[in-house]
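Reading the structure
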Amino acid sequence: MGIITSISTWLIPCFILIVLSVATWKRVPTYEMFVEGGKDGVKMAFSLLPFLVGMIVAISILRSSGALEALINLISPLLVMVGVPPEIVPLALVRPISGTAALGMTTELIGTHGPDSFIGRLASTMQGSTDTTLYVLTIYFGAVGIRKMGYALKVGLLADLVGIIASVIVVTLIFG
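Residues numbered from 1 in each chain as written. Predicted model: local features only at pLDDT ≥ 70, side-chain atom pairs only at ≥ 80, totals over all residues. Heavy atoms only, no water.

**Regarding the overall build of the protein**
The secondary structure content of the protein amounts to eight helices and zero strands. Element order for the protein, N to C, with α for helix and β for strand: α-α-α-α-α-α-α-α. In terms of C-alpha radius of gyration, the protein reaches 21 Å, well past the compact-globule figure of 16 Å for 176 residues. The principal-axis extent of the C-alpha atoms belonging to the protein is close to 65 × 45 × 30 Å. Counting only residues that meet the buried cut, the protein has 27% of its 176 residues in that class. Counted over contacts in the protein with a minimum sequence separation of 6, partners at least 24 positions apart contribute 64%. For the protein, the accessible area works out to roughly 11900 Å², and carbon and sulfur atoms hold 74% of it. For the protein, the centre of its 10 positive side-chain charges and the centre of its 9 negative side-chain charges are spaced 13 Å apart. (Helix = DSSP H or I, 4+ residues; strand = E, 2+ residues; numbered from the N terminus. Rg over C-alpha atoms; globule rule 2.2 N^0.38 Å. Buried < 20%, exposed > 50% of the residue type's maximum accessible area, 1.4 Å probe, protein only. Contact = heavy atoms within 4.5 Å. Areas by Shrake-Rupley, 256 points an atom, 1.4 Å probe, with all protein chains shown as cover. Lys, Arg positive; Asp, Glu negative; His and termini not counted. Charge placed at Lys NZ, Arg CZ, Asp CG, Glu CD.)

**Some details on the packing of helix α6 (residues 118–129) against helix α8 (residues 150–175)**
Remark: α6 packs on α8, axes separated minimally by 9 Å, with the N-to-C direction vectors making an angle of 140°. With respect to α8, the element α6 is oriented oblique. Between α6 and α8 the crossing geometry is right-handed. Each of F118, R121, L122, T125, M126 and S129 in α6 lies in contact with α8, whose residues at this interface are G163, I164, S167, V168, V171, T172 and F175. A per-class count over the contact of α6 with α8 returns seven nonpolar, five polar and one charged. (Axes fitted to C-alpha atoms, helices over the stretch in contact; angles between N-to-C directions. Parallel < 35°, antiparallel > 145°, perpendicular 65-115°, else oblique. Left-handed = near helix turned anticlockwise from the far one by under 90°. Nonpolar A, V, L, I, M, F, W, Y, C, P; charged D, E, K, R; others polar.)

**Quick look at the side chain of S98**
Assignment of secondary structure puts S98 in the loop between α4 (89–94) and α5 (99–113). The exposure class of S98 is buried, given its relative accessible area of 11%. Of the polar contacts made by the side chain of S98, one reaches the backbone nitrogen of A101; its length is 3.1 Å. Those residues in contact with S98, other than ones at most four positions away along the chain, are I59 and T132. (Polar contact = N/O pair within 3.5 Å; in protein donor to acceptor, adjacent residues only side chain to side chain.)

What follows is the structure, given as structure tokens:
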């Protein structure tokens, strides 16, 4: 255990030292390149801001309007027949949109049902098995100006669906 801790502690500083040493040896202006990268990072952050605000507003409207609750009430009988707890549906729907909102929902589910409950384990597994597809497409594709994202959207949402289904199956088989 001590070796792994030492490696993880020293890995990034050693990598940075190696990069700086090679850049200096090749006579690359490292500080100037660092400052240029910082400028590009700040520009990127400002270009992401409108997309981020739009996503936050959309998520707030979805939760505040009661539309999410109405959808859950509508499909609850089907979910119970299949063995999926209805409490997990908001997480499954919000996870592709926002990682922060999904983490908040996961925390709430674990706080309500407990970390060792079926719902707590399912929420944790689902959180780790899916991605924030719509967030990634909106923020990153929008920031670099990519407008045709149809295939990326389809594949990303399909991967999220597979992750959700796999989470339910695995948690049911292991902890059922």
